[in-house]
Amino acid sequence: MTSPISNNFLLYNTIATMAKSMPALGQADSANSSIGSSTSPSTFFAMLMNAMMESLEQTDAGTAPQTGVQAALPSLTTPLTAPLTNSYNPALKIPPLNTKEVPTAATDTSDLKFRPTQFIKLDSTLEGKLEGTAAHFINAGKKYDLDPNLLSAIAIHETGNGSSKAVNDKNNVAGMMGKNGLRSYASVEDSIFDMARNLRQNYLNEGKDTIAKIGAKYAPVGAANDPTGLNNHWTQGVSNYYSKLT
């Protein structure tokens with residue numbers, strides 16, 4: 001491959017040879033010359049050579065020839081960002097979220113319906129993967145008529161306040177199960193809303209009006225999927241977090 005320096009040197013020699021081999025141009029009548037009587041052949045070829053050399057230098061640098069304007073440096077069109085990481089296993093197929101409306105049934109006589117929440121207190125309590133999600137608990141509580149503090153207490157207990165493998169790998173804040181085991185969610189927000197829908201549809205609307213009654217079905221003691229007996233502490237743990245938030 002010929003280098004840019006070799007190409008420039010060959011061009012220089014070619015132009016110089018052409019200048020020496022054309023004496024007739026200087027003898028032409030000035031009226032018929034396109035250059036004009038004030039420009040000698042050597043001057044013309046010097047100007048031509050200089051212009052062509054500048055053009056080659058600009059071409060070698062990867063820029064188009066410009067006259068009287070400094071070429072702008074190429075700009076970065078794609079911003080540099082840190083590699084994005086998935087908070088769940090992308091190999092797992094995430095089923096569509098059940099977002100159907102579930103109205104409060106007359107069978108719900110509990111004190112666990114939606115109520116105003118101390119946002120700052122809730123926001124400062126949530127940590128780890130739950131940090132910054134207070135608004136999601138409140139919005140889910142409004143949609144399904146549930147106390148946001150109940151939703152938050154369950155999520156804090158289930159995830160160790162945002163530190164469990166389930167919430168970090170699958171965005172699962174409530175231990176919700178699917179056909180293939182622990183369910184994955186596209187976001188923590190989706191998991192919060194799915195938990196609220198499940199509690200309204202399958203617990204509160206069925207007359208389970210206390211945390212103890214919810215726990216008996218939600219985390220039954222002696223369940224096959226609880227070999228270490230963590231369900232024994234579910235009702236007490238959720239109740240403690242609920243009391244602190246309220």
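Keep in mind it's a predicted model, so treat the numbers as computed, not measured.

Looking at the nonpolar core
Ranked by size, the top nonpolar core spans 37 residues in total, and within it Phe137, Val173, Met195, Leu199, Ile214 and Tyr218 carry the most contacts. Those elements giving two or more residues to this core turn out to be helix H5 (134–144), helix H6 (148–159), helix H8 (188–202), helix H9 (211–218) and helix H10 (234–245). Beyond its immediate chain neighbours, meaning those up to four positions away, Phe137 contacts Leu122, Leu126, Leu130, Pro148, Leu151, Ser152, Ala155, Ile192 and Met195.

A short note on the environment of Leu245
Along the chain, Leu245 turns up in helix H10. Owing to a relative accessible area of 5%, Leu245 belongs among the buried residues under this scheme. On a C-alpha basis, the gap between Leu245 and Gln118 in space is 8.2 Å, while along the polypeptide they are 127 residues apart.

Some thoughts on the packing of H5 against H6
The interhelical angle for the contact between H5 and H6, taken along N-to-C directions, is 125°, at an axis separation of 8 Å. The angle between H5 and H6 places the two elements in the oblique class. Where H5 crosses over H6, the handedness of that crossing is right-handed. Counting all contacts with H5, which are made through Phe137, Ile138, Ala140 and Gly141, the residues of H6 involved are Pro148, Leu151, Ser152 and Ala155. Here the contact of H5 with H6 is built from residues that sort into six nonpolar, two polar and no charged.

Concerning the environment of Ser239
Positionally, Ser239 belongs in helix H10. It is 9.5 Å that separates the C-alpha atoms of Ser239 and His157, two residues lying 82 residues apart in sequence. From its side chain, Ser239 meets the backbone oxygen of Thr235 in a polar contact 2.7 Å long.

Rules used in this analysis
Residues numbered from 1 in each chain as written. Predicted model: local features only at pLDDT ≥ 70, side-chain atom pairs only at ≥ 80, totals over all residues. Heavy atoms only, no water. Core = buried A, V, L, I, M, F, W, Y, C linked by side-chain atoms within 4.5 Å. Buried < 20%, exposed > 50% of the residue type's maximum accessible area, 1.4 Å probe, protein only. Helix = DSSP H or I, 4+ residues; strand = E, 2+ residues; numbered from the N terminus. Contact = heavy atoms within 4.5 Å. Axes fitted to C-alpha atoms, helices over the stretch in contact; angles between N-to-C directions. Parallel < 35°, antiparallel > 145°, perpendicular 65-115°, else oblique. Left-handed = near helix turned anticlockwise from the far one by under 90°. Nonpolar A, V, L, I, M, F, W, Y, C, P; charged D, E, K, R; others polar. Polar contact = N/O pair within 3.5 Å; in protein donor to acceptor, adjacent residues only side chain to side chain.

That is the geometry; function is a separate question.
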